Number of protein chains: 2
Amino acid sequence: MTSLLLSRRDLDFLLHDWLDAGALTARERFAAHDRETFDAVLDLAQEIAERHFAPHNRSADEHEPRFDGERVHLVPEVAAALEVFAASGLMSAAMDHDLGGQQLPVLVANACMAWFHAANVGTAAYPFLTMANANLLAVYGTPDQRERFVRPLAAGRFFGTMCLSEPQAGSSLADVRTRAEPQPDGRYRLFGTKMWISGGDHELGENIVHLVLARTPGAPAGVKGLSLFAVPKYLVGADGSLGARNDVVLAGLNHKMGYRGTVNTVLNFGEGRHLPDGEPGAVGELVGGLHRGLACMFHMMNEARTGVGLGATALGCTGYLHALEYARSRPQGRPLTGRDAAAPQVPIIEHPDVRRMLLAQKAYVEGALALSLYCSRLIDEQRTAPEPADRAAAGRLLEVLTPIAKSWPAQWCLAANDLAIQVHGGYGYTRDYPVEQFYRDNRLNAIHEGTHGIQALDLLGRKAVQDGGAGLRALLAAFAATTARARELGGGAADFPADPTGDFPADLATDFPANLAAEAGGFADALDAAAVRIGRTTAALWAAGDPEVALPNASVYLEAVGHVVLAWIWLEQYLALGAADTPFHQGKRQAARYFFRVELPRTGPQFDLLDGLDRTAAETDPDWF
Amino acid sequence: MTSLLLSRRDLDFLLHDWLDAGALTARERFAAHDRETFDAVLDLAQEIAERHFAPHNRSADEHEPRFDGERVHLVPEVAAALEVFAASGLMSAAMDHDLGGQQLPVLVANACMAWFHAANVGTAAYPFLTMANANLLAVYGTPDQRERFVRPLAAGRFFGTMCLSEPQAGSSLADVRTRAEPQPDGRYRLFGTKMWISGGDHELGENIVHLVLARTPGAPAGVKGLSLFAVPKYLVGADGSLGARNDVVLAGLNHKMGYRGTVNTVLNFGEGRHLPDGEPGAVGELVGGLHRGLACMFHMMNEARTGVGLGATALGCTGYLHALEYARSRPQGRPLTGRDAAAPQVPIIEHPDVRRMLLAQKAYVEGALALSLYCSRLIDEQRTAPEPADRAAAGRLLEVLTPIAKSWPAQWCLAANDLAIQVHGGYGYTRDYPVEQFYRDNRLNAIHEGTHGIQALDLLGRKAVQDGGAGLRALLAAFAATTARARELGGGAADFPADPTGDFPADLATDFPANLAAEAGGFADALDAAAVRIGRTTAALWAAGDPEVALPNASVYLEAVGHVVLAWIWLEQYLALGAADTPFHQGKRQAARYFFRVELPRTGPQFDLLDGLDRTAAETDPDWF
């Protein structure tokens, strides 16, 4: 039986036929790997996800983490699953050999993580956060911190959190109030309350390393005064041994609509409890230099946000596969013509409206998966491309794509989960089927790690304009490279612009049939036209150089540009399909057609609205609501 | 404090300034009423909803109905609330005096029900279903059945259900298998399993009257062979006294994502339990004649579906009001210009993106409320307009509007609830705030009482074409009457077509300022253009006369036509606002602008797709997924 979590066939296509993962093994960092080790680790991820994560997805949702005043209790399957996960080495899949890692490409490591998000996003959050934490400390930590923190994190002995938000400061990090007081020994004592901390307390592993944004005495106001601190639940001695319980206190749990398997906490730092010296303040170590807190966080932001998008995508994928299985097996109704009540009912996949809902899901989730993996590949390029110029180019493209790679799956893979419920009808609305949980779980992804609105400001207010618009130009150049390749298939293109993405995608098949070449040319025309609109609209929005003019409809801009990016991703996939005509290839092509025919045209009215500098909402007086 | 359930100000505007509810009191049926009694019953509904329904909305969600093998247990507040509700007379608000009813217009009765849906949709479902049941029996029951069933239903002593679906027959009623065997005494014995029965078993009231679709021996196959039966939980004697427990057995409860306060059941009829004669089969009485089951159901369908749309709307309204309150009180961040971190944070309503999300919600929920009440008014017209031609005209318009009045709020007021969560940020995703429940509850409304896809087939496959397209022509004529009125304000219109909706809306203010008249004219132009597209697209879809050509994108058609209908409804409201410029009036106008500028243009690509007879999904081979 094929998996109901992800399509391995599609993953293989994306990794190998399109993103040419094998080419990475020519680089020194990945020299220990080849296609076989990539395939083996994907097999391993799938097996652990299916055997140890998926079976308790519902149970962990139904039996939320519970705090008895002393400890947090999770369903026991969480710890069991994470032990298997840690033992597999997946916690450090992409990390350096010298920290115990496997030094896999981020591309492959993220493809592995997708299995866990699809199987059980609540349990997968623990390693997901731990890896993000470890990666940050691996870059910014001292050699000593790498030994004492990163190594046990990478081994799965410690878990990690990210402590940014506070009750009064969610999206507005400038308002973080947690204080860090320097101590004579070079360490700090922290005081404050952190909110929405996933994995903030539990009995998994031996320790929890909190990475905490806080403000030192006399620091500048706003985000420029923030520093980052490693604050372990149990102090870690110079030799790595565990010491006293730190002054970090679980103040309470948040109870959510979804993601219920992930304990979500309010943490108080510096209540004056636990530490043997009786002095209040949680002991923390500075990471990455004074007032460099936000810079450190931002360094990891592209990966974290791509990861959130990947999680949203994985939920979309598994919802789609469940809906597909249901549609193939559930008899109900008869064809639009031939409504003879005496004839047997047909499987609902025979109904055009059900097929429409399945094809839309396929276009959303496979498009999102391709985008997520493309961004993962860019992270590898940014780190390991042989030429500095290629690294810089990949970084530029990654910067501009990141808000889309985060927000687009959060929006459209949630829409896919909505359709998955609809395909199931009444059954899909019950807790006897998993799709309602996917929908509840996925709703978080437009909120955490920067809301939809924050991503929109990031794209239009920063990424589209910084460095004189270099990011946006890189994006449009990537589009142009793809459309030129598409046109070349039909013998049309004279000028083939340099591909800004280096040595991938893989070379195109040379035997592209004429009808497919013509279709690709049509898609290229549509994408080129949309790209022109992006350029024109961006210029119109910023013509006055005034954020109050440019940004009120930033969310509409994010959504419109996101849809164009996905059209590009679908054209890329279409080209990578070559001439093959298996059902898999036919289905991918059909999803590409769906995207160009049904989805891309949605952007027309959005660009129109933006071009008109619409101020309807901005000019609505608060008293008028 | 203003209510967080509904805006009474908006209700008053819709009922009186727009729909001229007072004019109905000139009709004999409503002669006992006047504006004061209308206002008083709305006050009463609001008070009971706020005091007795809203307080246990969360508790009923958290403590689902439980079946101990013998009885169903609900949180006790449900019974207490329903006792107050029944004592208030609201159960029979629109019913005939001779059945104990108050003979209020459906318009006013539905406005009352909106308070209960907004306060607690799970508890409101019990009276909602009971009223639908009683209304059907009042029309199709014998005088004896009216006495024995309808009178106690109307008094709130009995509760009612609708038993249509079966495990193998949800949308496909042709496949209903429940059998009804005639007995020598003229009654029937029923055998079968019914699924998704809301309110199917509980200890509220004295009895439950199930209205059951079943098939008699030798009946034709398909829906034409269905008959309707009243099957009480306890038999009802000739004098109305309660007798033996009937052979209706609760087989189990369904556990849903939302609507968790409403017990949802699987019922077995005819297990051979309970009845003293030991014979199996649930005793039922035929209602409305042999093989007339679906016709009876369909007679009530417009009301039931409008009611579902109203429930979706009410959830959207309360979500919007909660988001608005949160946005006004939650400080976070600073203006786009002036990001001085030392300055105090501003309430988030100051952020353009938050205002955008609030205005979108306002446009959706107030548009949906207006549409729901307009349809309610049409039900009154259909029943009580003095001229038979007006009654027929109202009926035609109601028929074509019903699938939209059901589906549009289910889709867009859910979208409003999604935005309400987003305005709350992380808090909105927790169960400490009510908006996540509204979102879960509202997700049902695109499924029950005919899925979105079923409504789409009803609109494009039936309502748009039956009687030679009379329904669609009525809709386009209603648009034209509105746009002519809009243009007349600017002195433009020479030809003023007859208004097909009789004596409402209320007469327009004569002092419409020139700038507003010009704006109304612009909206009228846009609506006229959209109406042309509806006509052209419908003709294109049916040009071949082939359902397989016309119907594959019926859902897109439903959504596009729905958006045009809402633009019309917003223009209607805009006109009814007259020249007043209070904040309330300004806000309504702004929502109308939002709808015309942001929402109506979405339909362009949808009509384009339909005009091209797109077959992308229809031609996707099931093996390609």
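These figures come from a predicted structure and were not determined experimentally.

1. Digging into the overall build of chain A
The secondary structure content of chain A amounts to 18 helices and twelve strands. What you see for chain A is a C-alpha radius of gyration of 25 Å, in line with the 25 Å of a compact globule of 625 residues. Each principal axis of the C-alpha atoms in chain A carries an extent, and together these give about 80 × 65 × 60 Å. The buried share of chain A, taken over its 625 residues, is 64%. Sequence-distant contacts, at least 24 apart, represent 74% of the contacts inside chain A between residues at least 6 apart. When the accessible surface of chain A is split by element, carbon and sulfur atoms take 53% of a total near 20,400 Å².

2. Let's talk about the packing of helix α13 (residues 466-489) of chain B against helix α14 (residues 514-542) of chain B
Residues and elements named next belong to chain B. At a minimum axis separation of 8 Å, α13 and α14 run at an interaxial angle of 160°. Considering the angle they form, α13 stands roughly antiparallel to α14. Handedness of the crossing formed by α13 with α14: left-handed. On the side of α13, the interface is formed by L472, L476, F479, T483, A486, R487 and L489, while α14 contributes A517, A520, A524, D525, L527, D528, A531, I534, G535 and T538. Among the residues making up the contact of α13 with α14, the classes are represented as eleven nonpolar, three polar and three charged.

3. Points about the interface of chain A and chain B
Across the contact, 92 residues belong to chain A and 92 residues belong to chain B. Carbon and sulfur atoms make up 59% of the surface buried where chain A meets chain B, a total of about 7,700 Å² over both sides. A per-residue breakdown of the area chain A buries against chain B is headed by Y429, W624 and F625 of chain A, which together make up 12% of the total. Between the two partners, chain A and chain B, sit six salt bridges. A salt bridge links R443 of chain B to D418 of chain A, with the shortest nitrogen-to-oxygen separation between them at 2.7 Å. Counting the contacts that link chain A with chain B gives 53 residue pairs in polar contact (both at pLDDT 80 or more). Per-element accounting of the side of chain A that touches chain B gives the leading share, eight residues, to helix α17 (residues 583-599) of chain A. The class makeup of the residues in the side of chain A that touches chain B is 39 nonpolar, 26 polar and 27 charged.

4. A look at the environment of H274 of chain B
Residues and elements named next belong to chain B. With respect to the secondary-structure elements, H274 resides in the loop between β11 (264-269) and β12 (282-287). In the structure, H274 is positioned 30 residues away from A244 in sequence and 7.6 Å away in space, judged by C-alpha atoms. Once residues lying within four places of it in the same chain are set aside, the contact partners of H274 are R245, N246, V248 and V249.

5. Considerations on the pairing of β11 of chain B
All names here are of chain B. Counting buried positions over the six residues of β11 gives six, a clear majority of the element. Burial along β11 is two-sided: N264, V266 and N268 and T265, L267 and F269, pointing in opposite directions, are all buried. Sheet analysis places strand β5 (residues 188-198) next to β11, joined by five bridges and oriented antiparallel. Counterpart to K194 in the pairing with β11 is L267. Pairing of strand β10 (residues 248-253) with β11, which is carried by five bridges, proceeds in the antiparallel orientation. By the bridge assignment, V249 is partnered in β11 with N268.

6. So, unusual backbone geometry
Among all residues save glycine, negative phi is the norm, and among peptide bonds the norm is trans. Residue and element names in this part refer to chain A. The residue D467 is not glycine, and still its phi comes out positive at about 50°. Mapped onto the secondary structure, D467 falls in helix α13 (residues 466-489). At L613, a position not held by glycine, the phi torsion is positive, near 50°. Of note, L613 is situated in the segment after α18 (603-611).

7. Description of the relation of the copies chain A and chain B
If you rotate chain A by 180° and push it 0.0 Å along the axis, it lands on chain B with an RMSD of 0.0 Å. Interpreted geometrically, this transformation is the action of a two-fold axis. The rotation axis passes nearest to the C-alpha of R602 of chain A in chain A, at a distance of 3.5 Å. Interface residue correspondence from chain A to chain B reaches 99%, placing this contact among same-surface, isologous pairings.

8. Some words on helix α6 (residues 121-140) of chain A
The end-to-end C-alpha distance of α6 of chain A is 28 Å, a good match for the 28 Å that 20 residues give at a rise of 1.5 Å each. In terms of residue burial, α6 of chain A counts as a mostly covered element, since 16 of its 20 residues are buried.

9. Points about the packing of aromatic side chains
All names here are of chain A. This structure, assessed with the given rule, holds 39 aromatic pairs over all chains. When the centroid spacing of 6.5 Å and the interplanar angle of 45° are considered together, the rings of Y326 and Y427 count as tilted. With Y326 in helix α8 (residues 293-329) and Y427 in the loop between α10 (388-424) and α11 (435-442), this pair connects stretches of sequence that are 101 residues apart. With respect to class, Y326 is no different from Y427; both count as buried.

10. Side note on helix α2 (residues 35-53) of chain B
Note: α-helices contain 3.6 residues per turn, so residues at a spacing of three or four share the same orientation. Residues and elements named next belong to chain B. Compared with an ideal rise of 1.5 Å per residue, which puts 19 residues at 27 Å, α2 spans 26 Å between its outermost C-alpha atoms and is within 8% of the ideal. Taken together, the buried positions of α2 are F38, D39, V41, L42, A45, Q46, I48, A49 and F53. As for α2, its buried residues are in contact with α1 (8-18), α3 (57-62), α4 (76-87), α5 (106-119) and α6 (121-140). Between the side-chain oxygen of the N-cap and the backbone nitrogen of E36 there are 3.0 Å, and the N-cap of α2 in question is D34.

11. What to know about the environment of F584 of chain B
Residue and element names in this part refer to chain B. Within the secondary structure, F584 is located in helix α17 (residues 583-599). For the pair F584 and G284, spaced 300 residues apart in sequence, the C-alpha to C-alpha distance is 53 Å. F584 has contacts with R9, D10, F13 and L577, leaving out every residue within four places of it along the chain.

12. As for the state of the cysteines
Going through the model one piece at a time under the given rule, you end up with zero disulfides over all chains. Free of any disulfide, C375 of chain A has its nearest cysteine sulfur in C413 of chain A, 13 Å distant. A relative accessible area of 0% means that C375 of chain A is categorised as buried. Cysteine C317 of chain B remains unbridged, with the sulfur of C413 of chain B as its closest cysteine sulfur at 6.4 Å.

13. Describing the side chain of H16 of chain B
Residue and element names in this part refer to chain B. By the secondary structure assignment, H16 is in helix α1. Here H16 falls in the buried class, since its relative accessible area comes to 10%. Setting aside its immediate chain neighbours within four residues, H16 contacts A21, R35, F38 and D39.

14. Comments concerning the confidence of the model for chain A
Residue and element names in this part refer to chain A. On average, residues of chain A score 95 in pLDDT, and 96% of them are at 70 or above. Low confidence marks residues 493-498, where pLDDT is under 50. Its contacts with residues over four positions away, or in another chain, come to twelve contacts. Scoring the predicted complex yields pTM 0.97 and, for the interface, ipTM 0.96.

15. Some points on the side chain of Q455 of chain B
For Q455 of chain B, the location among the structural elements is in helix α12 (residues 452-463). Among the polar contacts listed, one links the side chain of Q455 of chain B to the backbone oxygen of G450 of chain B, at a separation of 3.0 Å.

16. Topic: the pattern of salt bridges
The tally for this structure, following the rule as stated, stands at 94 salt bridges over all chains. Among the salt bridges present, the one from D608 of chain B reaches R533 of chain B, with a minimum N-O distance of 2.8 Å. You can see D608 of chain B sitting in helix α18 (residues 603-611) and its partner R533 of chain B sitting in helix α14, a full 75 residues away along the chain. Of the residues examined, D608 of chain B reaches a relative accessible area of 48% and is grouped as partly exposed. Looking at R533 of chain B, the relative accessible area reads 18%, which means it is buried. Salt bridges here are not isolated pairs; linked through shared partners, they connect R8, D12, R35, D39 and D43 of chain A.

17. Examining the packing of helix α1 (residues 8-18) of chain A against helix α16 (residues 554-576) of chain A
All names here are of chain A. Their axes nearest at 10 Å, the elements α1 and α16 cross at an angle of 75°. Considered as vectors, α1 and α16 are oriented roughly perpendicular to each other. Across the interface between the two elements, F13, L14, D17 and W18 of α1 pack against I569, E572, Q573 and A576 of α16. By residue class, the composition of the contact of α1 with α16 is five nonpolar, one polar and two charged.

18. Re the environment of A484 of chain A
Residue and element names in this part refer to chain A. Position of A484 among the secondary structure elements: in helix α13. For A484, a relative accessible area of 7% translates into the label buried. Taking the C-alpha atoms as reference points, A484 and A295, 189 residues apart in sequence, are found 38 Å from one another.

Cut-offs applied
- Residues numbered from 1 in each chain as written.
- Chains lettered and ligands numbered in written order.
- Predicted model: local features only at pLDDT ≥ 70, side-chain atom pairs only at ≥ 80, totals over all residues.
- Heavy atoms only, no water.
- Helix = DSSP H or I, 4+ residues; strand = E, 2+ residues; numbered from the N terminus.
- Rg over C-alpha atoms; globule rule 2.2 N^0.38 Å.
- Buried < 20%, exposed > 50% of the residue type's maximum accessible area, 1.4 Å probe, protein only.
- Contact = heavy atoms within 4.5 Å.
- Areas by Shrake-Rupley, 256 points an atom, 1.4 Å probe, with all protein chains shown as cover.
- Axes fitted to C-alpha atoms, helices over the stretch in contact; angles between N-to-C directions.
- Parallel < 35°, antiparallel > 145°, perpendicular 65-115°, else oblique.
- Left-handed = near helix turned anticlockwise from the far one by under 90°.
- Nonpolar A, V, L, I, M, F, W, Y, C, P; charged D, E, K, R; others polar.
- Buried area = accessible area lost by both parts, 1.4 Å probe.
- Salt bridge = Lys/Arg side-chain N within 4 Å of Asp/Glu carboxyl O.
- Polar contact = N/O pair within 3.5 Å; in protein donor to acceptor, adjacent residues only side chain to side chain.
- Pairing = 2+ DSSP bridges.
- Least-squares fit on C-alpha atoms with pLDDT ≥ 70 in both.
- Expected span 1.5 Å × (residues − 1).
- Phe/Tyr/Trp six-rings, centres within 6.5 Å; stacked < 30°, edge-to-face > 60°.
- Disulfide = S-S within 2.5 Å.
- pLDDT = per-residue confidence, 0-100.

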